[in-house]
Protein chains: 2
Amino acid sequence: MGDEKDGRAAAGAVSMAQVAQVAGVSQQTVSRVANGLPNVSERTRERVLLAMEELGFRPNFAGRSLRSGRYNSVGLALYNVEQFGNLGTIKGVLSAAGDVGCAVTTVEMDDRAPLSLAEATRRMAGLPIDALVISMSLRSDDFEDFVPQPGLSTVLLTMYEHPRCTTVDSDQYGCSAVLMEHLAGRGHREIRFVGGPAYSVDSSFREAGWRDALSARGIDAAEPLRGDWTADSGYEAGAALARDATATAVYAANDQMALGVVEALRDAGRRVPEDVSVVGVDDSLRDTVPHVCLTTVRFDLVARGRAAVEQALLGTAPGYRPRAIRIPPTLVERSSVADARR
Amino acid sequence: MGDEKDGRAAAGAVSMAQVAQVAGVSQQTVSRVANGLPNVSERTRERVLLAMEELGFRPNFAGRSLRSGRYNSVGLALYNVEQFGNLGTIKGVLSAAGDVGCAVTTVEMDDRAPLSLAEATRRMAGLPIDALVISMSLRSDDFEDFVPQPGLSTVLLTMYEHPRCTTVDSDQYGCSAVLMEHLAGRGHREIRFVGGPAYSVDSSFREAGWRDALSARGIDAAEPLRGDWTADSGYEAGAALARDATATAVYAANDQMALGVVEALRDAGRRVPEDVSVVGVDDSLRDTVPHVCLTTVRFDLVARGRAAVEQALLGTAPGYRPRAIRIPPTLVERSSVADARR
DNA sequence: AGGCACAATGTTAACGTACTCATTTTGGGT
DNA sequence: ACCCAAAATGAGTACGTTAACATTGTGCCT
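As the structure is a computational prediction, the values presented were derived from the model and not from experiment.

**Structural notes on the overall build of chain A**
Right, on to step 1. Each helix and strand in chain A was counted, giving 11 helices and 12 strands.
Right, on to step 2. For a compact globule of 342 residues, the expected C-alpha radius of gyration is about 20 Å, and chain A comes in at 27 Å, more than 25% above that figure.
Right, on to step 3. Dimensions of chain A, computed from the C-alpha atoms along their principal axes, are close to 90 × 45 × 40 Å.
Right, on to step 4. When burial is assessed residue by residue, chain A has 53% of its 342 residues classed as buried.
Right, on to step 5. Partitioning the contacts of chain A with sequence separation of at least 6, the portion at a separation of at least 24 is 69%.
Right, on to step 6. Taking the average location of the 37 positive side-chain charges in chain A and that of its 44 negative ones, the two points are 6 Å from each other.

**Notes on unusual backbone geometry**
Residues and elements named next belong to chain A.
Right, on to step 1. With omega at 10°, the peptide bond leading from Val272 into Pro273 counts as cis.
Right, on to step 2. You can see Pro273 is positioned in the loop between helix 10 (255-267) and strand 9 (277-279).
Right, on to step 3. The residue Asn39 is not glycine, and still its phi comes out positive at about 65°.
Right, on to step 4. Notably, His291 is not glycine yet its phi reads approximately 50°, a positive angle.
Right, on to step 5. With respect to the helices, strands and loops of the structure, His291 is situated in the loop between strand 9 and strand 10 (296-298).

**What to know about empty space enclosed by the protein**
All names here are of chain A.
Right, on to step 1. Applying the stated criterion across every chain yields a total of two cavities of 30 Å³ or more.
Right, on to step 2. A volume near 90 Å³ is recorded for the largest cavity.
Right, on to step 3. Top element by residues in the lining of the largest cavity is helix 5 (residues 86-99). It accounts for three residues.
Right, on to step 4. Counted by class, the lining of the largest cavity contains 10 nonpolar, two polar and no charged residues.

**Notes on the pairing of strand 8 (residues 249-252) of chain A**
If a strand is regular, its side chains alternate between the two faces of the sheet.
All names here are of chain A.
Right, on to step 1. Taking every second residue as pointing to the same face, both faces of strand 8 are buried, with Ala249 and Tyr251 on one and Val250 and Ala252 on the other.
Right, on to step 2. As paired elements, strand 6 (residues 191-195) and strand 8 share four bridges and run parallel to each other. If you follow Ile191 over to strand 8, its bridge partner there is Ala249.
Right, on to step 3. Alignment of strand 8 against strand 9, held across three bridges, turns out to be parallel. Note on strand 9: the bridge partner recorded for Val250 is Val278.

**Some remarks on the interface of chain B and chain A**
Right, on to step 1. On the side of chain A, 61 residues touch chain B, which itself brings 61 residues to the contact.
Right, on to step 2. A buried area of about 4,900 Å², summed over both sides, lies between chain B and chain A, and 59% of it is on carbon and sulfur atoms.
Right, on to step 3. Viewed at the interface, chain A and chain B are joined by two salt bridges.
Right, on to step 4. For Lys91 of chain A, the salt bridge is made with Glu108 of chain B, and the minimal N-O distance between the two is 2.8 Å.
Right, on to step 5. Counting across the interface, chain B meets chain A through 19 residue pairs in polar contact (both at pLDDT 80 or more).

**Some words on the packing of aromatic side chains**
Right, on to step 1. One pass over the full model with this rule turns up 13 aromatic pairs over all chains.
Right, on to step 2. Between Phe61 of chain A and Phe61 of chain B, the ring centres sit 6.4 Å apart and the planes meet at 70°, which makes this aromatic pair edge-to-face. On the criterion of chain membership, the pair formed by Phe61 of chain A in helix 4 (residues 61-68) and Phe61 of chain B in helix 4 (residues 61-68) is interchain, its members lying in two chains. Residues Phe61 of chain A and Phe61 of chain B agree in their burial class; the two are buried.
Right, on to step 3. Plain terms: the ring middles of Tyr160 of chain B and Phe205 of chain B are 5.5 Å apart, the flat faces sit at 65° to each other, and that makes the pair edge-to-face.

**As for helix 3 (residues 42-55) of chain A**
All names here are of chain A.
Right, on to step 1. For helix 3, which comprises 14 residues, the first-to-last C-alpha distance of 20 Å matches the rise-based estimate of 20 Å (1.5 Å per residue) to within 8%.
Right, on to step 2. Every buried residue of helix 3 is accounted for by Thr44, Arg45, Val48, Ala51 and Met52. End-on, the buried residues of helix 3 take up no more than an arc of 130°, which puts them together on one face. In helix 3, those exposed residues whose orientation departs by more than 90 degrees from the buried face are Glu42, Arg43, Glu46, Leu50, Glu53 and Glu54.
Right, on to step 3. For helix 3, the secondary structure elements touched by its buried residues are helix 1 (16-23) and helix 2 (27-34).
Right, on to step 4. Of the residues one or two after helix 3, Gly56 is the one with positive phi, at around 70°.

**Regarding the side chain of Asp130 of chain A**
Residues and elements named next belong to chain A.
Right, on to step 1. In this structure, Asp130 sits in the loop between helix 6 (117-125) and strand 3 (131-135).
Right, on to step 2. Polar contacts involving the side chain of Asp130 include one to the main-chain amide nitrogen of Asn72, which spans 2.7 Å.
Right, on to step 3. Each residue touching Asp130, except ones within four places of it in the same chain, is listed here: Arg70, Tyr71, Asn72, Ser73, Leu152, Ser153 and Thr316.

**A closer look at the sheet that holds strand 6 of chain A**
Residues and elements named next belong to chain A.
Right, on to step 1. Here we have four strands laid out as an open sheet, ordered 7-6-8-9, and parallel in their pairing. Single-partner strands in this sheet number two, and they are strand 7 (225-226) and strand 9.
Right, on to step 2. In the sheet, strand 6 pairs with strand 7 via two bridges, with the strands oriented parallel. Across the sheet, Val194 pairs through a bridge with Leu225, a residue of strand 7.
Right, on to step 3. The strands touched by helix 8 (residues 201-216) within the sheet are strand 6, strand 7 and strand 8, with strand 6 carrying the most contacts at an inclination of about 170°.
Right, on to step 4. Strands strand 6, strand 8 and strand 9 of the sheet are contacted by helix 10, whose axis makes an angle of about 160° with strand 9.

**Some words on a negative patch on the surface**
Right, on to step 1. On the surface, Asp228, Asp232 and Glu236 of chain A together with Asp287 of chain B cluster together to form a negatively charged patch.
Right, on to step 2. Looking at the element boundaries, Glu236 of chain A is found in helix 9 (residues 231-242).
Right, on to step 3. Relative accessible area serves as the criterion here: at 60%, Glu236 of chain A is assigned to the exposed category.

**Regarding the relation of the copies chain B and chain A**
Right, on to step 1. Rotating chain B by 180° and translating it 0.1 Å along the rotation axis places it on chain A, where the RMSD comes to 0.1 Å. The symmetry that links the two subunits is that of a two-fold axis.
Right, on to step 2. A share of 100% of the interface residues of chain B reappears at the interface of chain A, consistent with the copies meeting face to face through the same patch.

**So, the side chain of Arg192 of chain B**
Residue and element names in this part refer to chain B.
Right, on to step 1. As for its placement among the helices and strands, Arg192 is situated in strand 6 (residues 191-195).
Right, on to step 2. At 3.0 Å, the side chain of Arg192 and the side chain of Glu190 are in polar contact.
Right, on to step 3. Within the structure, the side chain of Arg192 is placed 2.9 Å from the side chain of Thr246, a separation counted as a polar contact.
Right, on to step 4. If we ignore the near neighbours within four places in the chain, the residues touching Arg192 are Trp210, Ala222, Leu241, Asp244, Thr246, Ala247, Ala249, Val250 and Tyr251.

**Focus: the confidence of the model for chain A**
Right, on to step 1. Of all residues in chain A, 97% attain a pLDDT of 70 or more, and the chain-wide mean is 94.
Right, on to step 2. Counting interchain partners and residues more than four positions distant, the pLDDT-below-50 stretch residues 1-7 of chain A has two contacts.

Parameters and conventions
- Residues numbered from 1 in each chain as written.
- Chains lettered and ligands numbered in written order.
- Predicted model: local features only at pLDDT ≥ 70, side-chain atom pairs only at ≥ 80, totals over all residues.
- Heavy atoms only, no water.
- Helix = DSSP H or I, 4+ residues; strand = E, 2+ residues; numbered from the N terminus.
- Rg over C-alpha atoms; globule rule 2.2 N^0.38 Å.
- Buried < 20%, exposed > 50% of the residue type's maximum accessible area, 1.4 Å probe, protein only.
- Contact = heavy atoms within 4.5 Å.
- Lys, Arg positive; Asp, Glu negative; His and termini not counted.
- Charge placed at Lys NZ, Arg CZ, Asp CG, Glu CD.
- 1 Å grid on protein atoms, 1.4 Å probe; cavity = no way out; pocket = protein on both sides within 12 Å on 5 of 7 lines; lining within 4 Å.
- Points joined across faces, edges and corners; volume = space filled by probe spheres on them.
- Nonpolar A, V, L, I, M, F, W, Y, C, P; charged D, E, K, R; others polar.
- Pairing = 2+ DSSP bridges.
- Buried area = accessible area lost by both parts, 1.4 Å probe.
- Salt bridge = Lys/Arg side-chain N within 4 Å of Asp/Glu carboxyl O.
- Polar contact = N/O pair within 3.5 Å; in protein donor to acceptor, adjacent residues only side chain to side chain.
- Phe/Tyr/Trp six-rings, centres within 6.5 Å; stacked < 30°, edge-to-face > 60°.
- Expected span 1.5 Å × (residues − 1).
- Arc of directions from axis to C-beta.
- Axes fitted to C-alpha atoms, helices over the stretch in contact; angles between N-to-C directions.
- Patch = residues over 30% accessible without salt bridge, like charges linked within 9 Å, V, L, I, M, F, W, Y side chains within 5 Å.
- Areas by Shrake-Rupley, 256 points an atom, 1.4 Å probe, with all protein chains shown as cover.
- Least-squares fit on C-alpha atoms with pLDDT ≥ 70 in both.
- pLDDT = per-residue confidence, 0-100.

Below, the structure is given as structure tokens:
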């Protein structure tokens with residue numbers, strides 16, 4: 001019944017033409033008012049705004065961007081939504097996008113299927129986005145061969161470098177350097193490492209940084225222990241470490257495990273930091289544990305997200321060359337580290 | 001230099017017409033192949049796919065949705081991106097949207113300016129979305145008078161009910177009922193409350209739930225203490241509570257403060273749970289503290305996000321009536337509660 | 001009064017897609 | 001060989017918007 005049209009936009013939506021009819025002006029004038037362009041008399045503007053209000057006009061995104069060729073939106077492909085660091089990164093992405101009047105169009109990728117950059121790009125390519133940020137915590141099989149969609153500026157949130165895409169990440173290697181410098185400067189040489197799960201990219205970069213920092217000082221690295229990021233797994237590692245009389249310091253790959261290590265050491269009668277120093281990564285305990293004492297390293301995750309978006313948008317300009325951006329960590333010195341030389 | 005056109009879509013993008021030309025078919029046939037429609041010969045299909053590959057064809061979102069009138073996207077307006085619970089909610093939103101082939105278009109709202117639903121709606125109205133979810137942790141000034149954009153199904157993530165919009169939230173009132181039932185069942189009557197900041201909506205609903213649960217049992221509620229969600233503020237409250245010899249239980253409005261309370265009580269020589277029982281909310285300490293002992297209550301935040309999207313999508317159908325959905329909490333029983341009657 | 005600059009408004013066309021309908025091709029069955 | 005149904009393909013059109021251009025209206029200076 002009624003004026004059903006053929007190719008229909010958002011059933012029941014109000015178009016500029018309808019507003020124009022009610023306001024008694026041309027559709028172009030409505031467009032001018034909607035976009036705040038000059039050369040519209042005050043009287044006309046008011047009449048149009050009134051008609052818009054009355055009809056509930058909502059500018060049609062499709063029509064608009066079909067004309068302009070821009071979407072004013074950044075795509076974000078997420079593989080493990082619930083993962084430490086994602087919220088800060090998302091905040092940064094939203095914030096940087098918002099600064100330039102962009103929205104963020106997000107899709108959760110299936111992380112049960114094998115990770116694939118090609119697949120992620122394929123899914124995002126049909127979305128209203130001007131640039132693309134892909135966040136994956138693991139390295140995909142097709143990482144090296146990946147070729148970004150032509151015409152779609154693509155940034156990868158990862159520690160691995162890529163020949164054709166800018167990559168952005170917190171410096172998961174450099175954080176170890178900062179912490180080892182801190183410990184070595186206090187005379188520590190027997191520094192043990194408690195890593196995350198073997199498949200974790202972050203953990204392996206932190207481990208590599210630890211190894212290299214020690215070897216640069218002529219120290220042999222002991223076999224690392226491995227947890228699963230949880231405080232309880234850190235406790236187990238700490239219990240094992242407590243039997244290792246030579247260790248003077250422990251570097252746990254995150255704060256939760258570091259806290260577990262501290263508890264286990266204390267439960268075993270070893271004092272922290274007097275007997276053993278402990279450091280972690282992330283500064284995730286602040287505000288969540290009373291009187292946090294853990295010396296750790298903090299990443300500016302918001303900056304990570306911001307940088308990704310900034311680069312992705314820069315990449316839409318011709319002549320852009322891919323680069324690798326690593327957000328540096330900040331040492332957060334508390335009281336879990338003592339001088340090993342007394 | 002060259003064939004610059006006038007109203008240009010995504011500069012340099014490849015259209016179906018161009019693919020059609022290369023493949024030697026009509027644009028309509030390309031459309032059929034792109035959408036996997038039947039009645040295309042295998043030979044033709046291959047030829048078209050080849051041309052698409054060669055030119056790097058990417059379906060134009062604007063053209064497509066201009067025709068179809070659908071965006072396949074859900075809008076998400078966020079006021080305090082970095083806030084406990086948002087990551088789980090975002091995960092739920094992405095997940096539910098993904099299930100029906102939708103993306104999520106997110107915008108961070110300026111939380112320095114006064115919160116306004118009208119403003120949020122205005123900003124989202126021009127985006128490519130079929131439905132809208134607005135998340136605000138505070139109550140906006142225009143909450144009651146708010147009228148959603150006609151034709152744009154809108155769901156509010158809040159504990160407050162609204163006459164014209166479906167509202168979804170974790171049951172911030174009910175969680176208190178669950179915890180008080182648990183404590184009262186173990187003989188506790190002198191149950192103190194440590195709330196969050198005065199402006200916090202969640203905290204005030206939790207407080208109301210506490211008050212009502214006590215009064216339903218004929219117990220007078222003592223003056224509540226107030227922290228700022230941090231463990232250290234919980235510690236301060238706990239130190240004060242330690243001097244209150246009559247209290248047998250403490251209900252802190254989140255786990256971090258609860259942990260602070262526990263520490264302070266123990267530091268003051270009172271045993272938990274033998275002398276004083278302590279409960280919290282959120283189950284946020286799991287995995288982050290070794291051997292967590294805190295009895296608490298957990299919210300399914302993913303379900304919260306999912307419900308919001310599901311309702312928003314349902315709201316696009318005619319005849320939908322707004323409702324209020326409260327995601328129930330789950331009691332997580334650990335060892336910070338003892339029987340008060342010995 | 002005449003004219004001229006400029007503001008205000010309208011007209012037309014095009015963006016890329018998918019729907020409807022028309023036309024051509026294909027493949028049997030006689 | 002012929003015909004007809006069904007498959008394959010093409011032509012035309014409309015979706016809502018904005019840009020370029022065309023036209024009309026207004027006010028000011030000489």
